[in-house]
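As a plain string of letters, each chain reads:
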Amino acid sequence: MVFANSLLLLLGGLLVGVPIVLHLLMQPKPKLAVFPAMKFLQAKQLSTQRSLRLRHWILLALRALLILLLALALAGPAVAQADFGEWIGVVGFGILALLAGVLFAITTLGKRSRLLSVLLLLIAVSCFATSGWMAYRATTSAAGSAITNRADPVAALIVFDNSPRMTYVRANQSNFERGQEMTKWVLSQLPPGSRIAVADTQDDDPFFSVDTAAAQNRIQSLTINYRPLDLPTVLARGFVFLKDAQEDRHEIYVITDLTKPSWVASESLGLAETVEQAVGNTAVFVIDVGEERPKNLTINSFELDSERFTTSNRLVVQANLFSSLPDTTRTVVLEVEKPDPLLPVVQNGKTVLPTDFWQHSEVVEVPTEKNISISMQLGQDLPLGVHHGRISVLGSDGLALDDQRYFTVEVSKRWQVLVVAPSSVNSVNLTALLAPANLVEAGAAPFDVSVIEPDELSQYELRTFQSVYLLDPAPLAKDNWNQLERFVFEGGGLGIFLGSNAASKSHIDQSFLEAVPQKLLGGQLQDVWQRIDGSVSLSPEDMSHPIFKLLRSNESGLAWFQFPVYFHWGFEVATDPDANSQVLLRYNNRQPAIVERNFGAGRVLTMTTPITERSLSATVKGRPFGERRDPWNQLFSGTPFPTWALLRQLAAYLAQLNGDTLNMELGQYARLKNDPRSFPESYALFSPELTQAPTRASAHENYLTYKFTDLPGQYRLKGSRDDKPVLRGFSVNLPPNATNLERIDASGLDKALGKDRYQIARDQVEIERQQGTSRQGQEFYPLIMLMICIVFGMEFLLSNRFYEPSSRKSRLAQIK
């Protein structure tokens, strides 16, 4: 505890002696009177004098306490705000002890119940002891050292939230600009000689600026960080940084819009404990520059029907919109750049991009506080190559960043698919799915399917195919397995659909247990499982994988039990981490149905029951496996929409695999396959920042890798092969949470910083008041004045009770 005027406290202590001296001087001098008949009266007088003396001492104590409290009020005592609650307890128990003591005196002098007197005495002693113990604990705690002179220099850390959400605009000013202005004012209010450090959400360590002007320049030079650290992580580093500062006083100012994503701690879960340890000399001020009720319309998410498709297909985009604005009508625009072989190019230090677009727009009714889904199709056949586009919502709202999403698609010729099936196996189920007859006649089929016998496999150059399918394969020669292994390793997609041909005399053919087949399968085949009663069926659990894309919207309505599986191979998935195998789909008996094995630049999908069974109308009668050829399943019976949708996406998943993704989120590595037979070895890479000079990107082991995806937008690759330009690229978008404007509540801040360990301010007046309280401590003046009133009232009450007015005494005498 510290005092604003210690001299007045000393003077008040000396003045306490004034009523004591007056009391001693005003004592009546005894008169000697010898009167034997008055012995009884003298005894009574002695008893009365003892009672009066006790009353005088009580009144004396109250009057001395009154003067002491006045002196204490003038001295201006104050404590650290963190200890103020402790001192409230000290004062409260002190007042209770005083009241109990006065009541004890009254009951004792009035010769009331002895039990009541003892009880009041115990209460008074207990409250006094509790008050003393709390006062001792408060005075010996380290938090008291936080009080300093208001003009003493401090070590200040400015933590500036420069996340994308700070671009929210209200009253023609963004929260980012408002935060810069507030920070500039805060810096001007710091005591002369203070040292200042500035930290933002970049992954950098803080450091002290040379002077205030340098700190202000640092604030003005800040830009939006699209990959921000969470504020608890930045604050944890800040507390560690200030720990070694020599100043007696440390202050942290957090400039933020208080949006919840900024306070979700990823690394510093122990921040509250860190604040608890540092609170003795570190004050935390959270300055809110955000909007309490933000209004915004956002493209929550969007999804391409396919990021790679053939010239026979058109671009389809699915988008979800959400609005916190009142019901409104907005125009949604789908745009794709018209390619220009000369662009991009740098002119006058700025990247020039194509300005012509193919467009499609729709007017959408957007209700408030509801998600709506829209599907948009570009009414234009895109030419071969890589194309960049965006989907945008026209109109203004608080946050413009989430009104636009970017995408990149690649248009190619029909995908080449090779189906390997014995002559006895029905391949029509798959070929009709990949290349329907009507689409083939119209030239619009997405797949160009070739069907061959297994003994013809060695005659084909598999590199010319995007995917290869083995339908109910019989044992293959080792050279064929090695050929398939090389195909997958170089980036091809292999689908294996096992059936009865994998058996030899009712058991697994040994060729499937050799090293290369097991490597491709991602596990080891076991004996056949059979349930001819039709109780086994496919049973998807997690539909997040791309092969379930067409099934997600109707997940609960899929009646897989209508497509029973009578036989399937047992399968033990490889658990070796290097195997990189995972089960995508199981049967309802928990056995694997589809297993994915990533290998090299390609992948293998293995299904443990065939897709070559013809449609059946009658159930299977029970007979042991191997005596005759029994159907293994009824996946294509009735209206097999679930089977069709599953295999349709499985085929697209295998055909599109070439080791790269054209659309990603911030921070993800871009990895593009670069076949030297088709593409150049190096490119000029143009980032979304148009003023940034292009960098050089070179392929390594037939792949282009780029990890600096820190800005949303399109990253463009421009190279040259055979004197012809080669244009490629990819798109990067903000994750949906990056523009989530939901604000954190008080309980969330308490969890992050600790309850009562920080102060929130929204304007300069609140900051000044809280700065004064934090630096000078919480004053006791109001509480002391309340105690003075209580003591004065008690003194007045007791003096009137102890000394009845003379007029009242005379009236009583007349009545008697």
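Bear in mind the structure is a predicted one, so any value in this text is a computation, not a measurement. Along each chain, numbering runs from 1 in the same order as the chain's sequence is written. Given that the model is predicted, a residue must reach a pLDDT of at least 70 before its local features are reported, and side-chain atom pairs must reach 80 or more before they are shown or counted; all residues, however, enter totals for whole chains, interfaces and linings. Note: side-chain values were computed over all heavy atoms of the structure, leaving out hydrogens and water.

## Side note on a nonpolar patch on the surface
- For patch detection, residues must exceed 30% relative accessible area and be free of salt bridges, and they are connected within 9 Å for like charges or within 5 Å for nonpolar side chains (Val, Leu, Ile, Met, Phe, Trp, Tyr). All accessibility values rest on the Shrake-Rupley procedure with a 1.4 Å probe; residue burial counts only the protein chains present in the view. Every case where a carboxyl oxygen of Asp or Glu lies within 4 Å of a side-chain nitrogen of Lys or Arg is listed as a salt bridge. A grouping of Leu10, Leu11, Leu14, Leu15, Val18, Val21, Leu22, Leu25 and Met26 is seen on the molecular surface, where their side chains present a nonpolar patch of about 940 Å² in accessible area.
- By the criteria applied, helices consist of DSSP H or I runs no shorter than four residues and strands consist of E runs no shorter than two, each listed in order from the N terminus. Within the fold, Leu15 resides in helix α1 (residues 6–15).

## Section: the nonpolar core
- Among the nonpolar cores identified, the biggest contains 40 residues, and Tyr469, Leu471, Leu538, Ile547 and Leu646 are the most heavily contacted of them.
- Among the secondary structure elements, those contributing two or more residues to this core are β19 (415–420), α10 (428–434), β21 (467–471), β27 (581–586), β28 (592–599), β29 (602–607) and α14 (641–656).
- Of the residues forming this core, the biggest block, eight residues, is contributed by α14.
- Setting aside anything within four residues of it in sequence, one finds Ile547 in contact with Leu584, Ile594, Leu605, Ala645, Leu646, Gln649, Leu650 and Tyr653.
- One finds Leu462, Leu484, Val595 and Phe599 within the second-largest nonpolar core, a separate group that totals 31 residues. What we call a nonpolar core is a set of buried Ala, Val, Leu, Ile, Met, Phe, Trp, Tyr and Cys residues that are connected through their side-chain atoms within 4.5 Å. Only protein chains enter the accessibility calculation, which uses a 1.4 Å probe; a residue is then buried when its area is under 20% of its type maximum, exposed when over 50%, and partly exposed in between. We call two residues in contact when some of their heavy atoms are within 4.5 Å.

## Quick look at the packing of helix α6 (residues 175–189) against helix α7 (residues 212–220)
- Across the interface, α6 lies against α7 with an axial gap of 10 Å and an inter-helix angle of 170°. Judged by the inter-axis angle, α6 sits roughly antiparallel to α7. Where α6 abuts α7, its residues Gln180, Thr183, Lys184 and Leu187 lie against Thr212, Ala215, Gln216, Ile219 and Gln220. Angles here are taken between N-to-C directions and fall from 0 to 180 degrees, while the axes themselves are lines fitted to C-alpha atoms, restricted in helices to the stretch in contact. The scheme is simple: roughly parallel for angles under 35 degrees, roughly antiparallel for over 145, roughly perpendicular for 65 to 115, oblique for anything else.

## Overview of the packing of aromatic side chains
- Classification of ring pairs uses Phe, Tyr and Trp, with its six-membered ring standing for Trp, and accepts pairs whose centres are within 6.5 Å; under 30 degrees between planes counts as stacked, over 60 as edge-to-face, and the remaining range as tilted. Enumeration over the complete set of coordinates arrives at 15 aromatic pairs.
- What links up through ring pairs into an aromatic cluster is the set Tyr706, Phe708, Tyr715 and Phe730.
- Our definition puts a charge over a ring when NZ of Lys or CZ of Arg is within 6 Å of the ring centre and also within 35 degrees of the ring normal. Positioned over the ring face of Phe208 is Arg195, at 4.2 Å from the centre of the ring.
- One residue, Arg671, lies across the ring of Tyr703, its end atom 3.6 Å from the ring centre.

## Let's talk about α6
- Look at α6: 21 Å from first C-alpha to last across 15 residues, which is about the 21 Å you get at 1.5 Å a residue.
- All buried positions along α6 are accounted for by Asn175, Phe176, Arg178, Gly179, Gln180, Met182, Thr183, Trp185, Val186 and Leu187. Every helix has an expected span of 1.5 Å times one less than the residues it contains.

## Details of the environment of Gly179
- Among the secondary structure elements, Gly179 is positioned in helix α6.
- Taking C-alpha positions, Gly179 is 7.3 Å from Thr256, a pair spaced 77 residues apart along the chain.
- Residues contacting Gly179, with those up to four places away along its chain left out, are Phe160, Ile255 and Val289.

## Here we look at helix α15 (residues 746–753)
- Taken as a whole, α15 has its buried residues at Leu749, Ala752 and Leu753. Seen end-on, α15 carries its buried residues on one side only, within an arc spanning 80°.
- At the C-terminal side of α15, Gly754 shows a positive phi close to 95°. Think of the arc as the fan of directions from the helix axis to the C-beta atoms.

## Re the sheet that holds strand β32 (residues 682–686)
- Strands sit in the order β30-β36-β35-β32-β33 across an open sheet of five strands; the sheet is mixed. Looking at the sheet topology across the chains shown, the edges are occupied by β30 (663–665) and β33 (695–698). The sheet shows a mean angle of 30° between the axes of neighbouring strands, taken without regard to direction. The criterion for strand pairing is that DSSP finds at least two bridges linking the strands in question.

## Remarks on the pattern of salt bridges
- Applying the stated criterion to the full structure yields 20 salt bridges.
- Two residues, Arg552 and Glu303, come together in a salt bridge whose shortest N-O distance is 3.9 Å. Taken together, the positions of Arg552 in the loop between β25 (523–530) and β26 (567–573) and Glu303 in strand β9 (residues 297–304) put the pair 249 residues apart, joining distant regions of the chain.
- Judged by relative accessible area, which is 33%, Arg552 ranks as partly exposed.
- Residue classification places Glu303 among the partly exposed positions, given a relative accessible area of 37%.
- Between Glu490 and Arg463 there is a salt bridge, with its nearest N and O atoms 2.9 Å apart. Of the two residues, Glu490 is situated in the loop between α12 (478–489) and β22 (493–497) and Arg463 in the loop between β20 (447–452) and β21; the sequence distance between them amounts to 27 residues.
- Look at Glu490 and you get partly exposed, because its relative accessible area is 31%.
- The exposure class of Arg463 is partly exposed, given its relative accessible area of 45%.

## Side note on the sheet that holds β9
- Across the sheet, which stays open at both edges, the three strands sit in the order β9-β11-β16 with antiparallel pairing between neighbours. Pairing within the sheet leaves two strands with one partner each, and these edge strands are β9 and β16 (371–377). Neighbour-to-neighbour, the strand axes of the sheet open up by a mean angle of 25°, direction not taken into account.
- Where strand β11 (residues 316–323) meets β16, seven bridges bridge the pair, whose relative direction is antiparallel. By the bridge assignment, Phe322 is partnered in β16 with Asn371.

## Some points on unusual backbone geometry
- The omega torsion across Leu343 and Pro344 is 5°, close enough to zero to call that bond cis.
- You can see Pro344 is positioned in the loop between β12 (328–337) and β13 (345–347).
- The backbone phi angle of Asn172 is positive, close to 60°, even though this residue is not glycine.
- By the secondary structure assignment, Asn172 is in the loop between β4 (169–170) and β5 (173–174).
- One non-glycine residue, Leu258, lies in the positive phi region at around 60°.
- Position of Leu258 among the secondary structure elements: in the loop between β7 (250–256) and α9 (271–278).
- A relative accessible area of 4% means that Leu258 is categorised as buried.

## What to know about the side chain of Ser731
- Residue position: Ser731 is located in strand β36 (residues 724–733).
- Relative accessible area serves as the criterion here: at 0%, Ser731 is assigned to the buried category.
- Of the polar contacts made by the side chain of Ser731, one reaches the backbone oxygen of Phe407; its length is 3.2 Å.
- Aside from chain neighbours lying at most four places away, what touches Ser731 is His388, Tyr406, Phe407, Thr408, Leu662, Asn663, Met664, Gly713 and Gln714. Any pair of N or O atoms that falls within 3.5 Å is considered a polar contact. Within protein, one atom must be able to donate a hydrogen and the other to accept it, and sequence-neighbouring residues count only if both atoms are side-chain atoms.

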